[in-house]
Amino acid sequence: MGLVITFWILAVVGVLAALGVVLLRNVFRAALSLVLCFLTVAGLYVTLSADFLAAAQILIYVGAISVLIILAIMMTREFQRGSPPNKLRIPAFIVAVLFLVVLVFSVTNTPWQISSTPPLMPTTAALATRLLGEGGFMLPVGIAGVLLLSAILGAVVLAREK
Amino acid sequence: MSLGLEHYLILSAILFSIGLYGALTRRNAVIILMCIELMLNAVNITMVAFSRFIVPVMLTGQVFAIFVIIVAAAEVAVGLAIILAIYRGLETIDATKIDLMKW
């Protein structure tokens, strides 16, 4: 029962925060609203018993990515102009609503094969075995390291003063 | 009333549609990037929900979500660097005014 109440609170706050990202005029407030949305997503991971992912979400999204976004807002000084919409507002709204309707229709009409096994609760060790163990994802983990290194180098080269 | 897979899937569909609407309509390039992050988060919720409800002990969805988070972090770093470079050159990050390469 507590899980259900937690889910509904997180869902309502998360959707409102996401609407705030899209609709708020002030860019800085939109960024803060995005941080709130990331936090509710971390809470949703907890309700899905994904403890490691909740911690990673808070460290990476709430900690690092939001700081990067706020830094970019500060450095571009665009926030006096706000975030005006472009000419596509009504077609984009129709497309988004149609997409949502199609998704909800297909989700509610698919017979999912729900498993009744209880989930693993401390997932960190199991995830490490899954990622790095026998028959795991050793190569993708290595490639992810290379990707992060090249992204850092690319960001430094792009953002450097000439 | 208990929580099912559909609750999480519909919630993430709502978040994805909000992000889609924002990415299509906003002019500020930073806001567009923020909406893309919103969409990636919605996809991550879907992955973790499938992992929790359909294969609870295999954790494949969570592994996939970890890789999505890694790629999203790289994407944000490079994307914001590109936005800063554009701002230095054009003095604006209005996506409708950045049309140098538009035919």
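Student: Can you help me understand the overall build of chain A in this one?
Tutor: A count of helical and extended segments in chain A gives 6 helices and 0 strands. Put simply, chain A runs from its N terminus to its C terminus through helices and strands in the order α-α-α-α-α-α. The C-alpha atoms of chain A give 20 Å as radius of gyration, which overshoots the globular expectation for 162 residues (15 Å, by more than 25%). When burial is assessed residue by residue, chain A has 23% of its 162 residues classed as buried.

Student: I'm lost on the interface of chain B and chain A in this one. Help?
Tutor: On the chain A side, the residues contacting the 62 residues of chain B number 74 residues. Of all the secondary-structure elements, those providing two or more residues to the side of chain B that touches chain A are α1 (5-25), α2 (29-53) and α3 (60-90) of chain B. Element by element, the count of residues in the side of chain B that touches chain A is highest for α3(B), at 20 residues. A breakdown of the residues in the side of chain B that touches chain A according to their chemical character gives 47 nonpolar, 10 polar and 5 charged.

Student: Where do I start with the nonpolar core in this structure?
Tutor: Burial of nonpolar side chains together is a common tendency in soluble globular proteins. Of all hydrophobic cores here, the largest spans 67 residues; its most connected members are A:Val21, A:Tyr45, B:Val30, B:Met34, B:Cys35, B:Leu38 and B:Val48. Those elements that provide at least two residues to this core are α1 (2-23), α2 (27-47), α3 (51-76) and α6 (138-159) of chain A together with α1, α2 and α3 of chain B. For this core, the element with the highest residue contribution is α2(B), accounting for 15 residues. Among the domains, domain 1 (1-107) and domain 2 (124-162) of chain A are the pair contributing at least three residues each to this core.

Criteria and thresholds
- Residues numbered from 1 in each chain as written.
- Chains lettered and ligands numbered in written order.
- Predicted model: local features only at pLDDT ≥ 70, side-chain atom pairs only at ≥ 80, totals over all residues.
- Helix = DSSP H or I, 4+ residues; strand = E, 2+ residues; numbered from the N terminus.
- Rg over C-alpha atoms; globule rule 2.2 N^0.38 Å.
- Buried ≥ 20, exposed ≤ 12 C-beta atoms within 10 Å, placed from the backbone.
- Contact = placed C-beta atoms within 7 Å.
- Nonpolar A, V, L, I, M, F, W, Y, C, P; charged D, E, K, R; others polar.
- Core = buried A, V, L, I, M, F, W, Y, C linked by C-beta atoms within 7 Å.
- Domains from an automatic or database assignment.

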